[in-house]
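Take a look at the letters that make up each chain.
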Amino acid sequence: MSYATATAATAAVCAPPQPVVPSAAAPRRPRERDRGSWLRFSPAQPLFRARAAQRLAVLAYHGITDPASFGAQLDRLRRLATPVSVPDVERALAEGRPLPPRSVLVTFDDPDRTVLRHALPELVARRIPAAAFVIAELVGTEKPFWWHEAAFLARHGGRARMLPGGGSPDRVLALLKAMPDPDRRRSLAELRVSASRRPPAQEQLRPEDLLTLREAAVTIGNHTLGHPSLRRCDEATVQAEIAGAHRALTGWLGEAPSAFAYPDGGFDERADAVLRRLGYRLGFLSDHRLGPRLPAHPLRISRLQVDSTTSTRRFDTILSGLEPAVQRLLGAQA
């Protein structure tokens, strides 16, 4: 059975007959676990698992809120997959030799101190390497991530000329992400001035923490200076965001980073050119896909989105590529 046929069969076999759409106030986590449960027992799952054995799965986490669940996921990787490192991927590309079957690379975007406190012990205990893509201007500070800050300010009366009055935090974030970068920064500054409260501090990783992670086989990568949507930036800002973070990380680590993750998850030609000039060997997207065991485009490597609270059943369907395939099919039909 071809991949396209398997995908179509999956949608027909696996889709629940009458999907229930929760209200806006309903929590989303139970729905995610249910989805993982019924897909896990789909007859298409073995087909996708067999296909995934010949693909590279790069898992993209953020902060770790459930260390026990994260540890269970790593246990499954140890049983079902072959964990690999960023140097392993770079070596495979340099030698033109595909990675081993069932290769999986664990990565973290926007790593905060939960990655140091909760993820690192679980990784070290199982001898699993990883990569962490750092927002350079937050290192050594107590600044919140800008999207957390914007949501907080919106909940506390923050206003901006380019944002509708009374918009929900989700709506405000969607509008900010869609703005050209100068407008986003200007609107965020206006939210700070007009909100009735300031957001709580968030302790970020320190330069010495980056060295601790690296010593434990966690490669430190570039995630720009301030996490803008590069596609909303002009060329000078793209250059400054990537090169500025590159200089900062080189200073802290004593060596230049060689891996980059796009902060908005999507490929940008101008960023690609900057990365090539700076000598980057790997670049990672956030497109919720598996990739080839020998990446065809080293600066455009696919990743699967996963969370530390993801149930083990759903985790299996993500790792096999079944859930991402169903998501793409349902999205195309919507």
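Our structure is the block above this text.
Please read these numbers as outputs of a predicted model, since none were measured by experiment. (Residues numbered from 1 in each chain as written. Predicted model: local features only at pLDDT ≥ 70, side-chain atom pairs only at ≥ 80, totals over all residues. Heavy atoms only, no water.)

Peer 1: Is there a simple way to think about the packing of helix α7 (residues 146–155) against helix α9 (residues 181–194) in this case?
Peer 2: Helix packing for two helices is described by the angle between their axes and how far apart those axes are. Taken N-terminus to C-terminus, the directions of α7 and α9 make an angle of 45°; their axes are 10 Å apart at the nearest point. Considering their axes alone, α7 and α9 lie oblique with respect to each other. The interaxial crossing formed by α7 with α9 has left-handed handedness. In this structure, α7 contributes W146, E149, A150 and L153 to the contact, and α9 contributes R184, L188, L191 and R192. A breakdown of the residues in the contact of α7 with α9 according to their chemical character gives 5 nonpolar, no polar and 3 charged. (Axes fitted to C-alpha atoms, helices over the stretch in contact; angles between N-to-C directions. Helix = DSSP H or I, 4+ residues; strand = E, 2+ residues; numbered from the N terminus. Parallel < 35°, antiparallel > 145°, perpendicular 65-115°, else oblique. Left-handed = near helix turned anticlockwise from the far one by under 90°. Contact = heavy atoms within 4.5 Å. Nonpolar A, V, L, I, M, F, W, Y, C, P; charged D, E, K, R; others polar.)

Peer 1: Just to check I follow, could you spell out the nonpolar core for this structure?
Peer 2: Within soluble globular proteins, side chains that are nonpolar tend to cluster in buried spots. Core analysis: the biggest nonpolar cluster contains 35 residues, and L59, Y61, L77 and F108 have the highest contact counts within it. With 5 residues, helix α6 (residues 113–126) is the largest single contributor of residues to this core. Discounting residues that sit within four places of it in the chain, L77 has contacts with L59, T82, P83, V104, V106, F315 and L319. By size, the runner-up hydrophobic cluster in this structure holds 19 residues, among which are W147, A151, L173 and L191. (Core = buried A, V, L, I, M, F, W, Y, C linked by side-chain atoms within 4.5 Å. Buried < 20%, exposed > 50% of the residue type's maximum accessible area, 1.4 Å probe, protein only.)

Peer 1: Just checking my understanding: could you explain the packing of α6 against helix α10 (residues 207–215) for this structure?
Peer 2: Where α6 meets α10, the axes come as close as 11 Å, and the angle between the chain directions of the two elements is 30°. It follows from the interaxial angle that α6 and α10 lie roughly parallel. Between α6 and α10 lies a crossing of left-handed hand. Residues R113, L116 and L120 of α6 form the contact with α10, whose participating residues are D209, T212 and L213. Counted by class, the contact of α6 with α10 contains 3 nonpolar, 1 polar and 2 charged residues.

Peer 1: Before we go on, may I ask you to explain the environment of A125 in this structure?
Peer 2: In this structure, A125 sits in helix α6. Along the sequence, A125 and L74 sit 51 residues apart, while their C-alpha atoms lie 10.0 Å from each other.

Peer 1: Teacher, can you tell me more about the environment of G291 here?
Peer 2: As for its placement among the helices and strands, G291 is situated in strand β8 (residues 291–292). Assessed through its relative accessible area of 8%, G291 is described here as buried. For the pair G291 and A52, spaced 239 residues apart in sequence, the C-alpha to C-alpha distance is 9.1 Å.

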